[in-house]
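Tertiary structure, described
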Amino acid sequence: MNILVINCGSSSLKYQLLDMNGEVLMAKGLVERIGLEGAQLKNETTGKEKEVIVTPMKNHKEALSVVLRALTDEKLGAIKDLSEIDACGHRVVHAGEKFSGSVLITDEVMAALEECIELAPLHNPPNITGVKAIQELIPNIVNIGVFDTAFHQTMPKESYIYPLPYEYYKKYGLRRYGFHGTSHRYVSARAAEVLDMDYNNMKIITCHLGNGASVAAIKNGKSVATSMGFTPLEGLAMGTRTGDMDPAIVTFLMGKENLTIKEMDNILNKKSGVLGISGVSSDFRDIENAADEGNERAQLAIDIFRVRVKKYIAAYAAVMGGVDAVVFTAGLGENSPVDRKNICDGLEFMGIKIDDEANNVRGKDTLISTKDSKVKVLLIPTNEELMIARDTKEIVEAL
Ligand code: ADP
């Protein structure tokens, strides 16, 4: 079964074509600058030459038709004909409280996702546009929705209700939803597999540390707590997002600087985090280079980032009454031994001991704790596309 996985951002589109008999990657690619000047597609078919196509793409539908042409290209494509694609799995960011798992996309599901636009005004519209485009370009194909929020729908009320007047939860759906669910689900299940332990009978803390970053507590295969909240702004200090802070800062700053809601929102989401603290960059590689050269604010940004991850690990062990495994994933989690080491330093009291030699690794499933570490620490590269393809296959097979 060949499955096309699609992830539409506001001006970008990522895709993978997977042969699910053996979970083999057939092709992958990225379209950037959709609707802008200089739009381009980079396609890579496994075993063939990479291809870059620069052509105007006004919207996601035009971008997807360029993608489909590249996939079926006589010379560089992965398939001969679109009929070789059996189903399409779509990453959709927000499903509110409507879906706790992946679903077959029907008219009712589309209507439910449209209702969630208010909760994710930047993410859901391009996701929905992607589904509509595929429905038009490959009319008879089965489309499956896989949601970032779904995995966290198992959180108990004490994890997701905010200490606000309860009526706002009822009126506006103001609650914690959590994000990166597909990644937390994939790496936690994979960690159990690598450790040869029973996923449904263990306590795992997953640290997804990319440009956006979140931590999740997974007990017996279910998410019970996560650091992102009503929006992806809450929790860890991120590339450009504040994460946790005193909410009174918002009204204080708006008053002092005479800011509009939009300007304040922009500061919280785009100008803060490690970029805001360091003044250097939102990319940890740049910040670490600057810190190495003696830039104190860059070092401070790193320290703030690390201590927050540490805090969440300890807090989530408390929430679950213990922890069997801690997992690091995403850009920084997969590629930075020094950050993993520093985050875990000081957690020996709860049974976490890093093996420096094993930790000196990038981007592959690895146990990085010492043999006598009570808590197992792992590096597991995330693979959201594979998870989306697996869900798609499962749903299609059950139809
Ligand atoms: P996104 O959230 O955009 O999907 P990724 O998971 O791809 O992000 O992570 C990208 C981030 O990972 C970069 O911004 C960078 O800060 C961090 N990163 C990648 N490689 C390294 C590295 N070797 N050392 C430190 N940080 C890294």
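It should be noted that the structure appears before, not after, this text.
So, a few notes on the structure that sits alongside this text. (Residues numbered from 1 in each chain as written. Predicted model: local features only at pLDDT ≥ 70, side-chain atom pairs only at ≥ 80, totals over all residues. Heavy atoms only, no water.)

**A look at the layout of surface pockets**
- Approximately 380 Å³ is the volume found for the second largest pocket.
- Looking at the second largest pocket, it is lined by 16 residues, and the ones nearest its centre are Asp283, Phe284, Arg285, Gly331 and Leu332.
- Sorting the residues of the lining of the second largest pocket by element identifies α10 (284–292), α12 (330–335) and α13 (337–344) as the ones contributing at least two each.
- With four residues, the single largest contributor to the lining of the second largest pocket is α12.
- Along the lines of polarity and charge, the residues of the lining of the second largest pocket split into five nonpolar, six polar and five charged. (1 Å grid on protein atoms, 1.4 Å probe; cavity = no way out; pocket = protein on both sides within 12 Å on 5 of 7 lines; lining within 4 Å. Points joined across faces, edges and corners; volume = space filled by probe spheres on them. Helix = DSSP H or I, 4+ residues; strand = E, 2+ residues; numbered from the N terminus. Nonpolar A, V, L, I, M, F, W, Y, C, P; charged D, E, K, R; others polar.)

**Let's talk about the site of the ligand**
- In the vicinity of the ligand there are 13 residues, among which Asn211, Phe284, Gly331, Leu332 and Arg362 approach most closely.
- A distance of 3.3 Å separates an oxygen atom of the ligand from a polar atom in the backbone of Leu332.
- Measuring from a nitrogen atom of the ligand, one finds a side-chain N or O atom of Arg362 at 3.2 Å.
- About the coverage of the ligand: the protein hides 70% of its 580 Å² of free accessible area.
- Most atoms of the ligand, that is more than half of them, are within 2 Å of grid points of the second largest pocket.
- Only α10 and α12 provide two or more residues apiece to the shell around the ligand.
- Counting residues per element, the shell around the ligand draws most heavily on α12, at four residues. (Near = heavy atom within 4 Å. Polar contact = N/O pair within 3.5 Å; in protein donor to acceptor, adjacent residues only side chain to side chain. Areas by Shrake-Rupley, 256 points an atom, 1.4 Å probe, with all protein chains shown as cover. Sits in = over half its atoms within 2 Å of the grid points.)

**Overview of the packing of aromatic side chains**
- In the structure shown here, the tally under the stated rule is seven aromatic pairs.
- Centroid distance Phe99 to Phe147: 5.2 Å. Interplanar angle 15°. Geometry classified as stacked. Of the two residues, Phe99 sits in the loop between β6 (87–92) and β7 (103–104) while Phe147 sits in strand β8 (residues 142–147), which places them 48 residues apart along the sequence.
- Judged by relative accessible area, which is 15%, Phe99 ranks as buried.
- Overall, the relative accessible area of 2% leaves Phe147 in the buried class.
- What links up through ring pairs into an aromatic cluster is the set Tyr160, Tyr166 and Tyr169. (Phe/Tyr/Trp six-rings, centres within 6.5 Å; stacked < 30°, edge-to-face > 60°. Buried < 20%, exposed > 50% of the residue type's maximum accessible area, 1.4 Å probe, protein only.)

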